[in-house]
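Coordinate analysis (summary)
Okay, here's what each chain looks like letter by letter:
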Amino acid sequence: MAFIGRAVQRLVLAARPPVAPLCRTSSRSYSTEHTSEKSVPYEKTLKQEEGASTGPTKPLPRSADVVVIGGGSIGCQTVYHLAKMGMTNVVLLERDRLTAGTTWHTAGLLWQLRPSDVEVELLAHTRNVISKDLEEETGLHTGWIQNGGLFIASNKQRLDEYKRLMSLGKVYGIESYVLSPAETKDLYPLMNIDDLYGTLYVPKDGTMDPAGTCTTLSRAATARGVTVIENCPVTGIQVRTDDLGVKKVKAVETPHGAIETPILILQCVWATRLGEMAGVNVPLIAMHHAYVVTERIEGIQNMPNVRDHDASVYLRLQGDALSVGGYEQNPIFWEEVSDKFAFSLFDLDWDVFMQHIEGAINRVPVLEQTGIKSTVCGPESFTADHKPLMGEAPEVRGYFLGCGFNSAGMMLGGGCGRELAKWIIHGRPEKDMYGYDIRRFHSSLTDNARWIRERSHESYAKNYSVVFPFDEPLASRNMRKDPFHEVLTEQGCMFQERHGWERPGWFNKDGPAPPKKYDYYGAYNIRNNENYKYKELLGKEYTFDFPPHHDVIKSECLSCRHDVAVFNMSYFGKFYLTGPDTKKAADWLFSADVNKKPGSTVYTCMLNKRGGAEADLTVSRLEPGAAKLPLAPQSDGDAYYLAIGGGVAEHNWNHIRTVIQDQGFHCQLTDHSEDMGMISIQGPKSRQVLQEVLDADLSNEAFPFSTHKLVNAAGYQVRAMRLSFVGELGWELHIPKDSCVPVYRAVMAAGAKRGIINSGYRAIDSLSIEKGYRHWHADLRPDDTPLEAGLAFTCKLKSSIPFQGRETLERQKEEGLRRRIVCFTIDEKIPMFGLEAIFRNGVPVGHLRRADYGFFIDKTLGYGYIRNPDGGVVSADFIKTGEFTLERMGVAYKAKAHLKSPFDPENKRVKGIYE
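As the structure is a prediction and not an experimental result, all values here were calculated from the model.

1. Examining the overall build of the chain
The number of helices and strands found in the chain is 20 helices and 40 strands. For the chain, whose C-alpha radius of gyration is 28 Å, the value lies close to the compact-globule estimate of 29 Å for 915 residues. Along the three orthogonal principal directions, the C-alpha set of the chain runs to about 85 × 65 × 55 Å. Burial status across the chain gives 62% buried among its 915 residues. In the chain, 74% of the contacts between residues at least 6 apart in sequence involve partners at least 24 apart.

2. Considerations on empty space enclosed by the protein
Per the stated rule, a full pass over the model turns up five cavities of 30 Å³ or more. By volume, the largest cavity amounts to about 330 Å³. Around the largest cavity, the lining comprises 27 residues; the ones closest to its centre are His289, Tyr327, Asn406, Ser407 and Ala408. Breaking the lining of the largest cavity down by element, the ones donating at least two residues are β14 (284-294) and α9 (409-426). Residue composition of the lining of the largest cavity, by class: 15 nonpolar, eight polar and four charged. Two domains share the lining of the largest cavity, each providing at least three of its residues, namely domain 1 (66-104 + 211-283 + 385-436) and domain 2 (145-207 + 286-380).

3. Quick word on the nonpolar core
Core analysis: the biggest nonpolar cluster contains 175 residues, and Leu266 and Tyr399 have the highest contact counts within it. Looking at this core, you find at least three residues from each of domain 1 (66-104 + 211-283 + 385-436) and domain 2 (145-207 + 286-380). If we ignore the near neighbours within four places in the chain, the residues touching Leu266 are Ile69, Ala271, Leu274, Gly275, Val282, Tyr399, Phe400, Leu401, Gly402 and Cys403. One finds Ala585, Phe590, Ala592 and Leu791 within the second-largest nonpolar core, a separate group that totals 45 residues.

4. Overview of the packing of helix α2 (residues 73-84) against α9
At their nearest, the axes of α2 and α9 sit 7 Å apart, and the two run at 40° to each other. The pairing of α2 with α9 is recorded here as oblique in orientation. By crossing handedness, the relation of α2 to α9 is classed as right-handed. Here Ser73, Ile74, Gln77, Thr78, His81 and Leu82 of α2 lie close against α9, whose contacting residues are Gly409, Met410, Gly413, Gly414, Cys416, Gly417, Arg418, Leu420, Ala421, Ile424 and Ile425. For the contact of α2 with α9, a count of residues per class yields eight nonpolar, eight polar and one charged.

5. Description of the pattern of salt bridges
Inspection of every chain in the model, using the stated rule, returns 57 salt bridges. Two residues, Glu497 and Arg455, come together in a salt bridge whose shortest N-O distance is 3.5 Å. With Glu497 in strand β22 (residues 493-498) and Arg455 in helix α10 (residues 449-461), this pair connects stretches of sequence that are 42 residues apart. The two residues Glu497 and Arg455 agree in class, both being buried.

6. Here's the deal with the sheet that holds strand β10 (residues 236-241)
Strand order in this open sheet of three strands is β10-β11-β12, and the pairing throughout is antiparallel. Two strands in the sheet have a free side with no partner beyond their single neighbour: β10 and β12 (257-260). Along the sheet, successive strands turn relative to each other by an average axial angle of 30°, direction set aside. Pairing of strand β11 (residues 247-254) with β12 involves four bridges; the strand directions are antiparallel. Each bridged residue has a counterpart across the sheet, and for Val252 the counterpart in β12 is Ile259.

7. Points about the UniProt feature "domain: FAD dependent oxidoreductase" (unreviewed entry) in the chain
If you check UniProt for "domain: FAD dependent oxidoreductase" (unreviewed entry), the listed places come out as residues 65-423 in our numbering. Each end of residues 65-423 is marked by a C-alpha atom, and these two atoms are 14 Å apart; helix forms 30% of the span and strand 28%.

8. As for the confidence of the model for the chain
In the predicted model, the chain carries a mean pLDDT of 94, and the fraction of residues at 70 or more is 94%. Throughout residues 7-38 the model reports pLDDT below 50, and contacts reaching past four residues in sequence, or to other chains, amount to 74 contacts.

9. Thoughts on the sheet that holds strand β21 (residues 399-403)
Backbone-to-backbone hydrogen bonds pair the strands of a sheet. The strands run either parallel or antiparallel. The strand order across the open sheet formed by six strands is β9-β3-β2-β13-β21-β20, and the pairing between neighbours is mixed. Each end of this open sheet is capped by a strand with a single partner; those strands are β9 (227-229) and β20 (389-392). Each strand of the sheet is rotated relative to its neighbour by a mean of 20°, with strand direction disregarded. Sheet topology note: the strand β2 (residues 66-69)/strand β13 (residues 264-266) ladder contains three bridges and is parallel. From the neighbouring strand, Ile69 faces β13, where its bridge partner is Leu266. Docked against the sheet, α2 engages β2, β3 (90-93), β13 and β21, running at close to 170° with respect to β3.

10. A few points about the side chain of Gln112
Structurally, Gln112 can be placed in the loop between β4 (109-110) and α3 (117-138). The exposure class assigned to Gln112 is buried, which follows from its relative accessible area of 10%. With sequence-adjacent residues up to four places away left out, Gln112 is seen in contact with Val120, Leu123, Arg127, Ile174, Val202, Lys204 and Asp205.

11. Thoughts on the environment of Lys387
Relative to the assigned elements, Lys387 resides in the loop between β19 (372-383) and β20. Owing to a relative accessible area of 25%, Lys387 belongs among the partly exposed residues under this scheme. Between the C-alpha atoms of Lys387 and Tyr188, which are 199 residues apart in sequence, the distance is 32 Å. Lys387 has contacts with Glu119, Gly404, Asn406, Gly435, Tyr436 and Arg440, leaving out every residue within four places of it along the chain.

12. Some words on the packing of aromatic side chains
Scanning the entire structure with this criterion turns up 31 aromatic pairs. Taking 5.9 Å as the distance between ring centres and 70° as the angle between the ring planes, the aromatic pair formed by Tyr571 and Phe572 counts as edge-to-face. Phe572 matches Tyr571 in its accessibility class, with the two residues each being buried. The rings of Phe333, Tyr518, Tyr520, Tyr521 and Tyr524 are connected pair by pair, giving a single aromatic cluster.

13. So, α3
The end-to-end C-alpha separation of α3 is 30 Å, in line with the 32 Å expected for 22 residues at 1.5 Å each. Of all bends in α3, the biggest is about 45°, found at Val129. Directly beyond the C-terminal end of α3, a positive phi value near 80° is found at Gly139.

Cut-offs used in this document
- Every residue gets a number counted from 1 within its own chain, in the order that chain's sequence is written.
- Owing to the predicted nature of the model, reporting of local features is limited to residues with pLDDT of at least 70; listing and counting of side-chain atom pairs is limited to 80 or more, with chain, interface and lining totals taken over all residues.
- Calculated side-chain values reflect all of the structure's heavy atoms, with hydrogen atoms and water omitted.
- Strands are runs of DSSP state E lasting at least 2 residues, helices are runs of H or I lasting at least 4, and numbering of each runs from the N terminus.
- With the radius of gyration taken over C-alpha atoms, the globule rule is written as 2.2 Å times the number of residues to the power 0.38.
- Note on classification: 1.4 Å probe, protein chains only; a residue is buried when its accessible area is under 20% of the maximum for its type, exposed when over 50%, partly exposed between these limits.
- Contact definition: two residues touch when any of their heavy atoms are within 4.5 Å.
- Computed over the protein atoms alone on a 1 Å grid, cavities are sets of points where a 1.4 Å probe fits but cannot get out and pockets are open sets with protein on both sides within 12 Å along at least five of seven lines; a residue lines them when it has an atom within 4 Å of a point.
- Grid points are joined across faces, edges and corners, and a volume is the space filled by probe spheres set on the points.
- Residues are sorted three ways: Asp, Glu, Lys and Arg are charged, Ala, Val, Leu, Ile, Met, Phe, Trp, Tyr, Cys and Pro are nonpolar, and all the rest, Gly among them, are polar.
- Per the annotation, domain bounds derive from an automatic or database assignment of domains.
- We define the nonpolar core as a collection of buried residues of types Ala, Val, Leu, Ile, Met, Phe, Trp, Tyr and Cys that are connected through side-chain atoms lying within 4.5 Å of one another.
- Only the stretch in contact is used when a helix axis is fitted, and all axes are lines through C-alpha atoms; the angle between N-to-C directions ranges over 0 to 180 degrees.
- Angles are sorted into four bins: roughly parallel if under 35 degrees, roughly antiparallel if over 145, roughly perpendicular if 65 to 115, and oblique for all others.
- Crossing handedness follows the turn of the near helix against the far one: under a right angle anticlockwise gives a left-handed crossing, and clockwise gives a right-handed one.
- Basic side-chain nitrogens of Lys or Arg form a salt bridge, by our definition, when they fall within 4 Å of a carboxyl oxygen of Asp or Glu.
- For two strands to be treated as a pair, DSSP must find no fewer than two bridges joining them.
- UniProt positions are given in the numbering used here, feature names are shortened, and annotations may be inferred rather than shown by experiment.
- Per-residue confidence from the predictor is reported as pLDDT, which spans 0 to 100.
- Two rings from Phe, Tyr or Trp (for Trp, the six-membered ring) form a pair when their centres sit within 6.5 Å of each other. Planes less than 30 degrees apart are called stacked, planes more than 60 degrees apart edge-to-face, and all others tilted.
- Expected helix span is taken as 1.5 Å per residue step, with the number of steps being one fewer than the number of residues.
- The quantity called bend is, for any residue, the angle between two axes fitted respectively to the seven residues ending at it and the seven beginning at it.

Here is the structure:
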């Protein structure tokens, strides 16, 4: 018998018949070899039986409203939800049999708690579909087993992370318990608790069966009219170009004919190749992902599934045995992806896998004397941030993605399948799916092989790492650098990575600490970076307490509040909207009335059809005239300059472009983000500093708030805007890239005698939340309307001008808000980061979306959306009469609710009024 505790060589020599060769003698990191015959721990799979037909299982229709490519978990979930929502002229094409790609060998684990409110909701829907809905609809059992889940903590930080999850779970009614080592031993007698700090037990977690689930989903979908065709590979995708030059899906080609369709959804592990057929970038990479199945273990029956994150290993209950797997530092890339890999597996590389065996034996010592029944090493597709790729591809309209699920396709399939269906039917998903949307990645990255490989490796290797608030990637840094990068690096800038850009996070007083070339954490015989100051400083931020650089952030914030600070915001998206239909497009796109006189700047939202905020941005109306690029475009009529948060620039670009196409507006959107830098000078002394640098009168009368001008700065032409993202008197300077450094040096020289300092985005985060300004994708998302977000002033509802989403807002205004954002402060000096539960009179009513420390008011504050438990309107009186607490890691803190920002609620400071 092959025992798990023996050395790899002993495992090979054991030569137990059910086990194919268990290891390679080489220590290669990359492989293209595979074996076609292995066993997985399920009673059945959907593998094609000997002698069955190799042609398509059904005739191909000539056309369909939607064609789904890939018959795995997410493909089956998507067609099921499309049919359930009434769209039945749908075809699912599977090149082999259902589940043949990666779904058939998946571990099938479902954990309900994640450090994301959206993922908690997606997982809850998957669980409901698999454990209840499908059986009620079809009478078939999906194979769902509710055996519970147990998260292992070997240190305080890990248990703190679990406590954060527990508090969030209370908002969603998810039962969970933090257990002591002794209580854990009572629950799981075979577990070693000697090195245990504690555990999180979730009784209603469980295990899914891939074959049973996909079979049931397929039957439920076909019963509603969906056509599922197996043994039908896709060989091509036809794309047409319409009269406006827009590329759109036309048809899907197969060896057995073509199916005309306006919409296809790509949902398979071979997605990159199928994307290339239509000129679509699909930034994912395939890797080997493995687990082993043990022989029978006495006493393991009915035990919960286990995730020992610190050992990077999971233990899945498999009847009277366990499946053991995890995420290693040196995963094997599948270099030459083959589309002939149906129901196939690789040989297991024990040199790579043995780290999981060691962790498993430490946690459940009986495994050392337990035999291995089978090995499962199959392909899985992984992405740069370990999140799926979903939504409409930027390159081709009608080409939707639903792939790259990072081994979580079963777990996320139900929730994501439903959101994809809504995306198709309604144009946008119901939930905030930006974290999965392909448009979260800049177009310069999605076809960059180095970025895809490095970031996917790091995300894989860190999959079980604690999710800390201020973590940053080490892979693929310095992809996009603005003109100030070198000079700020010299001044100790600790950069953050957003959208490929290096943007300032905070300033280290001990000198330069630049990110270095990625070292793969020492894997693949690559030498670790030595004397890596950036990594060292980043590691010190790994805490759920106040970070060690808290006082540095405080200094940057208070310098802005009391004196003056300069912020490099060059990563912002900078777009021009021009052309004959520009006014029509602006009226429809922007919730605020931007048709002010030239020289005005308006803060506005862009909404989706449901009234949700797809973006917030500033829109500046320009004078018509000849081009002065990059500071001004050629325009004979209306023209606007759009300044957009750089981390979401690609999303905004595609939203605007899509709306223009859908409405048939004749106008142009041009991107000059790379051509200009941008610095923001903010604080009570900002006017004094800039008056020495700019050749313009900066008085309130000559240069009021929310206006802009072309001016000279130290002899260089720039666009100056009187705006603030931090709640202070201040100006932004939008500067041609070649002029950036001399203008910056002139500003710093003029500010030297007034205490000017560099500040970063960690300070902006604190200053902006203190003032009550929103951050898109934090306390303002596509599932929030401006009315719910306290941004009614950005909506031109008093005018008669139509705009996208207006009907929803008018209805909300008439009926009253069922949810709304509220500011909370606490007196205790403890940090909060978001996801903390909000209780009103002891009842959970929401959670914080965003939280930080406000250094001027000297309090922790956070913003969250609350609901009335009775389903009624959330009125001002409902807020005023409630007693609120915020739960952080299981501990409740009394909180004060604010209807207005506790900092400068009368907006005097942005007007230059300081008392």
